[in-house]
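# Structural overview for review
In case you want the letters, here they are:
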Amino acid sequence: MTRLPDPDTTQMHAEAAETADAVARQFAANAPAIEALVTRLRAQPPRFIVTCARGSSDHAATYGKYLFETTLGLVTASASPSVGSVYAVAPKLDGALFIAISQSGKSPDLLRNAEIAKAAGAMVVALVNVADSPLAKLADTVIPLHAGPENSVAATKSYLCSLAALLQLTAHWSGDVDLLAATQSLPDALRDAWREDWSSLVGGLRLARSLFVIGRGLGLAAAQEAALKFKETCGLHAEAFSSAEVKHGPMAIVGPDFPVLVFAQDDDTGASTAAVAEEFRARGAPVWLARPGTIGDGVLPLPRSPHPAVTPLLTVQAFYRAANALAIARGHNPDVPPHLNKVTETV
């Protein structure tokens, strides 16, 4: 049997721990590009926004949707890459802002859809970690993630750098003073989140077979990302649901042997999401709740968040440390999940 590494020696641990420094580096390096893009967006406001991504990057796009719609009031839709790449249909995207999110910038379906969007008259912006990738060369504007090398198959700091780039863009585009201040304090808040102790989650899920991860609004993307990481690094089946959608059928299977991890926001969605956690707990289900400012049994600690839009990043940062430890506890090496490659190129 291959000997497993200690949790604090994995590449996943080291790369996730570097997130705060990567975000600080990103904010400083991208300031001129963000300023230029915002100037252009204000001069030529888009009619709507379309995101295009896969995997963890698509979860970042979910965050972007809620961020854009709640802060800017711009309708934001997620493109289905196969529409352009497989079905060869060119959507009507004139006047749109088309945001493609990718770590490698190499996937053929994302490239094809970006080409279609550009030909249709959309402004194409690429959020990408490889600044000289094919996607970056195709885009009208490139916002490099500046995550640095990421060798573990599981994306961690590159995912959070994607969210941070969306946050920086939105804060400057909107001019929201509170959001701008929260953006500036994000690196320190991420450092605080990394130090939180979620060992109760690790112990509680060591022998689990399946679970739900619940979020809502700005926090839904965090739930989606956690569910993926459970499958990818821990060999644990997990599904992500909105705290509203889970009540439309899926909640019927929740009971004493079905764990639930709940990410509740410190905004208007928080109370209803926390109420769902209590409902599941009343059924005898093992429930863990992560929400800033909340204490009690079954609560996973989070630092105080400078703004609700920042909370999902802090939640995921704390979660990554727990997921890495849980993978080892379940007998998996989180750096080399079976059957997976670092770069996935889909058509």
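Use the structure listed above.
Residues numbered from 1 in each chain as written. Predicted model: local features only at pLDDT ≥ 70, side-chain atom pairs only at ≥ 80, totals over all residues. Heavy atoms only, no water.

### Side note on helix α8 (residues 177-194)
Each α-helix winds once per 3.6 residues, and so residues spaced three or four apart point in a common direction. For α8, with 18 residues, the first-to-last C-alpha span of 26 Å sits near the 26 Å given by 1.5 Å per residue. Every buried residue belonging to α8 is among Leu 179, Ala 182, Thr 183, Leu 186, Pro 187, Ala 189, Leu 190, Ala 193 and Trp 194, and all of these are buried. Buried residues along α8 sit in contact with α1 (11-17), α2 (19-43), α3 (56-71), α7 (157-174) and α12 (311-329). Between the side-chain oxygen of the N-cap and the backbone nitrogen of Asp 178 there are 3.0 Å, and the N-cap of α8 in question is Asp 176. (Helix = DSSP H or I, 4+ residues; strand = E, 2+ residues; numbered from the N terminus. Expected span 1.5 Å × (residues − 1). Buried < 20%, exposed > 50% of the residue type's maximum accessible area, 1.4 Å probe, protein only. Contact = heavy atoms within 4.5 Å. Polar contact = N/O pair within 3.5 Å; in protein donor to acceptor, adjacent residues only side chain to side chain.)

### Overview of unusual backbone geometry
The phi torsion at Ala 88 lies on the positive side, around 55°, for a residue other than glycine. Position of Ala 88 relative to the elements: it lies in the loop between α4 (81-85) and β3 (96-102). Phi is positive for His 146, which is not a glycine, with a value near 55°. Inspection of the secondary structure assignment puts His 146 in the loop between β5 (141-144) and α7. Exposure remark for His 146: the relative accessible area of 26% places this residue in the partly exposed category.

### Side note on α3
The end-to-end C-alpha separation of α3 is 23 Å, in line with the 22 Å expected for 16 residues at 1.5 Å each. Where α3 is concerned, the buried positions are Ser 56, Ser 57, His 59, Ala 60, Ala 61, Thr 62, Tyr 63, Gly 64, Leu 67 and Phe 68. Those residues of α3 that are buried lie in contact with β1 (48-52), β2 (76-78), β3, α7, α10 (220-234) and α12. Phi turns positive one or two residues past the end of α3, at Gly 73, with a value near 70°.

### Some points on the pairing of strand β6 (residues 210-215)
Residues in a regular strand point their side chains to alternate faces of the sheet. A large share of β6 lies buried, amounting to six of its six residues. Burial along β6 is two-sided: the residues Ser 210, Phe 212 and Ile 214 and Leu 211, Val 213 and Gly 215 are all buried. Relative to strand β7 (residues 237-242), β6 runs parallel, the two being bridged by six bridges. Within β7, the residue paired with Leu 211 across the bridge is Ala 238. Handedness of the crossover joining β6 and β7 through α10: right-handed. Relative to strand β8 (residues 260-263), β6 runs parallel, the two being bridged by three bridges. Bridging across to β8, Val 213 finds its partner in Leu 261. (Pairing = 2+ DSSP bridges. Right-handed = clockwise from strand over helix to strand, strands pointing away.)

### Description of the pattern of salt bridges
Pairs may arise between side chains of opposite charge once their charged atoms sit close together. On inspection of all chains with the given rule, the structure shows 14 salt bridges. For Glu 225, the salt bridge goes to Lys 229, with nearest N and O atoms at 2.4 Å. Of the two residues, Glu 225 and Lys 229 are both situated in helix α10; the distance of four residues between them amounts to about one turn of the helix. Between Glu 232 and Lys 229 there is a salt bridge, and its shortest N-O distance comes to 3.6 Å. Of the two residues, Glu 232 and Lys 229 are both situated in helix α10; the distance of three residues between them amounts to about one turn of the helix. Like Lys 229, Glu 232 is buried. Residues joined by salt bridges that share partners form a network here, namely Glu 18, Arg 25 and Lys 157. (Salt bridge = Lys/Arg side-chain N within 4 Å of Asp/Glu carboxyl O.)

### Some thoughts on the pairing of strand β9 (residues 287-290)
With burial as the criterion, each face of β9 is covered, one bearing Val 287 and Leu 289 and the other bearing Trp 288 and Ala 290. The β-α-β motif built from β8, the intervening helix α11 (residues 270-282) and the parallel element β9 has right-handed crossover chirality.

The values reported here are purely geometric and, on their own, carry no functional implication.
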